[in-house]
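# Summary of structural features
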Amino acid sequence: MKSIIERIKKGNFWKFHGGIHPPGQKFLTNEKPIRTLELPKELIIPLQQHIGQIGELLVKTGDKVLKGQKLTQFSSPMSVPVHAPTSGVVNAIKPSTIAHPSGMNALCLFITPDGEDKWQERKSCENFHQLSHQEIINKIANAGIAGMGGAGFPTNIKINTKSTINYLIINAAECEPYITADDLLMREQGSSITDGIKILDLLLQPEHILIGIEDNKPEAIKALKKATKDIEKIIVCVLPTIYPSGGEKQLIKLLTGLEVPSSKLPLNLGIVMHNIATCYAIADAVINDSPLIKRVVTITGQSLEKPQNIWALLGTPVHYLLSQCGYPTGDKKHLIMGGPMMGFSLANDNVPIVKTTNCILAPSEQEISTTTKEVDCIRCGQCADVCPSQLLPQELQWSAKAKDYNQLNKLNLFDCIDCGACAYVCPSQIPLVQYYRVAKAEIRQQRMLDLQAEKAKVRFEARKLRLEKEKLARETKHKKAAEARKAVMSNKTDSGKSATSAVAAALARVKAKKLGIKSPTETNDIAESTNNPLDQKSQVAAAIARAKAKKAVSRNEIKETKSVVNDSNTVKTQDKKEAPLVNLENAEEKKLKVAVAIAKAKEKAKAKKWLETESPSFKASITLDNNQEANKEETVTKAKKQQDIEIK
Ligand code: SF4
Ligand code: SF4
């Protein structure tokens, strides 16, 4: 490590494979200060502006919001919130075109500014050294900071590591043509950027801090050297201008000579890298309690009258920024978000600025020709010569066209950084990067589906295993219980005998219940108490019927007595009126008696059948019951006759 630092201090850097020297075109904007604009009429805030999961919404349509207010909150560790860039009203939450190569729609929050630009309450921090590591990380997470160099990886995750860090590298290369946003930020905000680097130093405790910057930014180099002159740990490394020196792996190679192996992270080599604009945002969040709601964007291209760098609020529509830079109205619009090498064409000019947007390029027809036609690969090999990731671009292209995903993986497609150097040199005008982007998207989609299928399979297997375990446990339990019963029954002691008889009695009860009659024990109980096998229901019905009959008889007696006492006219009238009632009541009584007799006969037949077939020992009691029933019927018949006589 010592030799590396000595070499760096002498200005001897390493080289990465390939690279190109496209025209810089930075002169269009690098001599103008960063401009601040009036508030736009509307801000469009995509809910997801980073790599990871979308946050959970905290507001609804019609809500008033203050500047800096959280609009979403963490839904998972890989989510960061978005905030209101100014005060105003949420007038819609709906899908809208976002900054994406596919021109896809995603959920966005539309805010109408109220013009007051009123901040929510903030607590600035005079001395961040007094804060704990976790407090600083929480502040950065709550500020919604995600890598502003283009990757959009949540910064709070990147800084929350316990690994030993040898090098903290600050990426100030800004190697892409046309873009000067970081250049101007370093010139104007050198002190705040240094504060951000100090905060990272406090968190990560690296051995060395290296700021990598290309030699085409002399003023920014001067500003950074001035701002960091008192910090021995920081070395401003001025690198030769070559594209793409700002690529993560390429900058590591240039500064340290180390190569990050395929599918490994810089952290595996003890290296963490942050973009210069991210350092500014970290300082603003920790010291000023300001979330990430604005960034510097280069609005450039030869079709603009006044190309410049602008402090743009996140959510500002591209058309508003273009209108502030003299973009001719009515022109056929070919707009690129990002630079000419790694940027992508926009579907329309209503796309908003997001956390990772560093440039809007509005080129003239001479700058970027859209009429060139792709022809067949001539296998010249120039693409492989310039590839900084040491890939085989032409082979990648063939496999991408053939959708041979296995071959693409073997060719390390995911080591491609989409730098576009291969397409830049291709004499056949093949848009190589577009083929790679589509293939990467398809492979990611396939991987996601495979992952979902794998998860579903794991869930299915776990459920199957659980059900089998439960079945086994049940069987074991039943087996044990059966063995215990068997052991008790085979026992010759009193308890064993009683258990055997109890089981036998239970079995007999179940059998009797199935047949719909009383068990021997129950029948015996009833026989003992009533000398009758009728069930209790029948007995109750019979009792009610008897009571009704009695009541009817006594009523008739009272009426007859009345008719004797009253005068003859009254008697006639009463007889006329009462006679049908008496007849009805007699009929009702008869019906009830017949019903009781039928119920009794049915129950008797059932009981008799059961006793004859199931329990011969009860035959005697049935005989007795039959005699008693006969006697009862005889008694009822006699009473009935007596009543009939009385009524007549
Ligand atoms: S776009 Fe990919 S394949 Fe082409 S040069 Fe860059 S890294 Fe290599
Ligand atoms: S540069 Fe173009 S033509 Fe040459 S090998 Fe690569 S893809 Fe083929």
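Residues numbered from 1 in each chain as written. Chains lettered and ligands numbered in written order. Predicted model: local features only at pLDDT ≥ 70, side-chain atom pairs only at ≥ 80, totals over all residues. Heavy atoms only, no water.

## Focus: the environment of methionine 273
Put simply, the rule is: Helix numbering and strand numbering both begin at the N terminus, where a helix is a DSSP run of H or I of at least 4 residues and a strand a DSSP run of E of at least 2. Here the term buried applies to any residue with accessible area under 20% of the maximum for its type, exposed to any over 50%, and partly exposed to those in between, with areas from a 1.4 Å probe on protein chains only. Contacts between residues were defined by any pair of non-hydrogen atoms, one from each residue, lying within 4.5 Å.
On the secondary structure map, methionine 273 appears in strand E11 (residues 271-275). Under the relative-accessibility criterion, methionine 273 is labelled buried at 4%. Setting aside residues no more than four positions away along its own chain, methionine 273 makes contact with Lys158, Ile169, Asn171, Glu248, Leu251 and Ile252.

## A few points about the nonpolar core
Using the following cut-off: Joining through side-chain atoms within 4.5 Å is the link that ties buried Ala, Val, Leu, Ile, Met, Phe, Trp, Tyr and Cys residues into a set, and such a set is a nonpolar core.
Grouped together as the largest cluster of nonpolar side chains are 76 residues, with contacts concentrated most on Ile170, Ile193, Ile211, Ile299 and Leu322. Looking at which element gives the most residues to this core, the answer is helix H8 (residues 276-288), with 10 residues. Among all residues touching isoleucine 211, those that are not within four sequence positions of it are Ile170, Ala172, Ile197, Leu224, Thr228, Ile234, Ile235, Val236, Cys237 and Ile276. Phe13, Tyr167, Ile252 and Leu255 belong to the second-largest nonpolar core, a separate cluster that totals 20 residues.

## Observations concerning the packing of aromatic side chains
Operational definition: By convention, a stacked pair of Phe, Tyr or Trp rings (six-membered ring in the case of Trp) has centres within 6.5 Å and planes under 30 degrees apart, an edge-to-face pair has planes over 60 apart, and any other such pair is tilted. Charge-over-ring contacts are defined here by two conditions on Lys NZ or Arg CZ: a distance within 6 Å of the ring centre and an angle within 35 degrees of the ring normal.
Enumeration according to the criterion identifies one aromatic pair in this entry. Judged by centre distance (5.6 Å) and plane angle (40°), the ring pair of tyrosine 280 and tryptophan 311 falls under tilted. Of this pair, tyrosine 280 sits in helix H8 while tryptophan 311 sits in strand E13 (residues 308-313), and the two are 31 residues apart along the sequence. With respect to class, tyrosine 280 is no different from tryptophan 311; both count as buried. The aromatic ring of tryptophan 311 is capped on one face by lysine 294, whose charged end is 4.5 Å from the ring centroid. Above the plane of the ring of phenylalanine 414 lies arginine 447, whose end atom (NZ or CZ) is 4.6 Å from the centre.

## Concerning the sheet that holds strand E2 (residues 43-46)
Our working rule: At least two DSSP bridges between two strands are needed for those strands to be called paired.
The strand order across the open sheet formed by four strands is E2-E7-E6-E4, and the pairing between neighbours is antiparallel. A strand with exactly one partner marks an edge of an open sheet, and here the two such strands are E2 and strand E4 (64-65).

## So, H8
For clarity, the cut-off: A helix is expected to reach a length of 1.5 Å times the quantity of its residues less one. N or O atoms closer than or at 3.5 Å make up a polar contact, with two conditions inside protein: a donor-capable atom paired with an acceptor-capable one, and, for residues adjacent in sequence, both atoms drawn from side chains.
Spanning 13 residues, H8 covers 18 Å between terminal C-alpha atoms, matching the ideal 18 Å at 1.5 Å per step. Among the 13 residues in H8, 12 count as buried, and that is most of the element. What H8 keeps buried is the set Ile276, Ala277, Thr278, Cys279, Tyr280, Ala281, Ile282, Ala283, Asp284, Ala285, Val286 and Ile287. For H8, the N-terminal capping position is held by asparagine 275, with its side-chain oxygen 2.7 Å away from the main-chain nitrogen of alanine 277.

## Regarding the site of ligand 1
Note the following rule: One heavy atom suffices: a residue is near a molecule or strand as soon as one of its heavy atoms comes within 4 Å of it. Gly is placed with the polar residues, together with every amino acid not listed as nonpolar (Ala, Val, Leu, Ile, Met, Phe, Trp, Tyr, Cys and Pro) or charged (Asp, Glu, Lys and Arg).
Lining the immediate surroundings of ligand 1 are 13 residues, of which Cys387, Cys416, Cys419, Gly420 and Cys422 lie closest. The set of elements that each furnish at least two residues to the shell around ligand 1 consists of helix H13 (421-425) and helix H14 (432-490). Here the shell around ligand 1 is built from residues that sort into 10 nonpolar, two polar and one charged.

## Observations concerning the confidence of the model for the protein
Selection criterion: For every residue, the pLDDT score states the predictor's confidence, bounded by 0 at the bottom and 100 at the top.
Summing up the model confidence of the protein, the mean pLDDT is 85 and the portion of residues at 70 or higher is 81%. Note that pLDDT drops below 50 for residues 560-585; the model gives that stretch 16 contacts with residues more than four away or on any other chain. With pLDDT under 50 throughout, residues 616-625 is counted as low confidence; its partners more than four residues away or in other chains account for 14 contacts.

## With respect to the pattern of salt bridges
For clarity, the threshold we go by: By convention in these notes, a salt bridge is any Lys or Arg side-chain nitrogen within 4 Å of a carboxyl oxygen on Asp or Glu.
For the coordinates displayed, the defined rule picks out 13 salt bridges. The residue lysine 440 makes a salt bridge to aspartate 418 at a minimum N-O spacing of 2.7 Å. Placement of lysine 440 in helix H14 and of aspartate 418 in the loop between helix H12 (405-410) and H13 is noted, with a sequence separation of 22 residues between them. Judged by relative accessible area, lysine 440 falls into the buried class, the value being 5%. Between glutamate 470 and arginine 466 there is a salt bridge, and its shortest N-O distance comes to 3.5 Å.

## A closer look at a nonpolar patch on the surface
Short version of the rule: What makes a patch is a set of residues exposed beyond 30% relative accessible area and free of salt bridges, joined within 9 Å when like-charged and within 5 Å when nonpolar (Val, Leu, Ile, Met, Phe, Trp, Tyr). All accessibility values rest on the Shrake-Rupley procedure with a 1.4 Å probe; residue burial counts only the protein chains present in the view.
Side chains of Ile54, Leu57 and Leu107 sit close together on the surface and give an oily, nonpolar patch of about 210 Å² of accessible area. For leucine 107, the position within the fold is in strand E7 (residues 105-113). On the basis of relative accessibility, which here comes to 36%, the residue leucine 107 falls in the partly exposed class.

## A word on helix H4 (residues 181-188)
Along an α-helix, residues three or four apart share an orientation, since each turn contains 3.6 residues. Taken across its eight residues, H4 has six buried, putting it largely inside the fold. Of the positions making up H4, those classed as buried are Ala181, Asp182, Asp183, Leu184, Leu185 and Met186.

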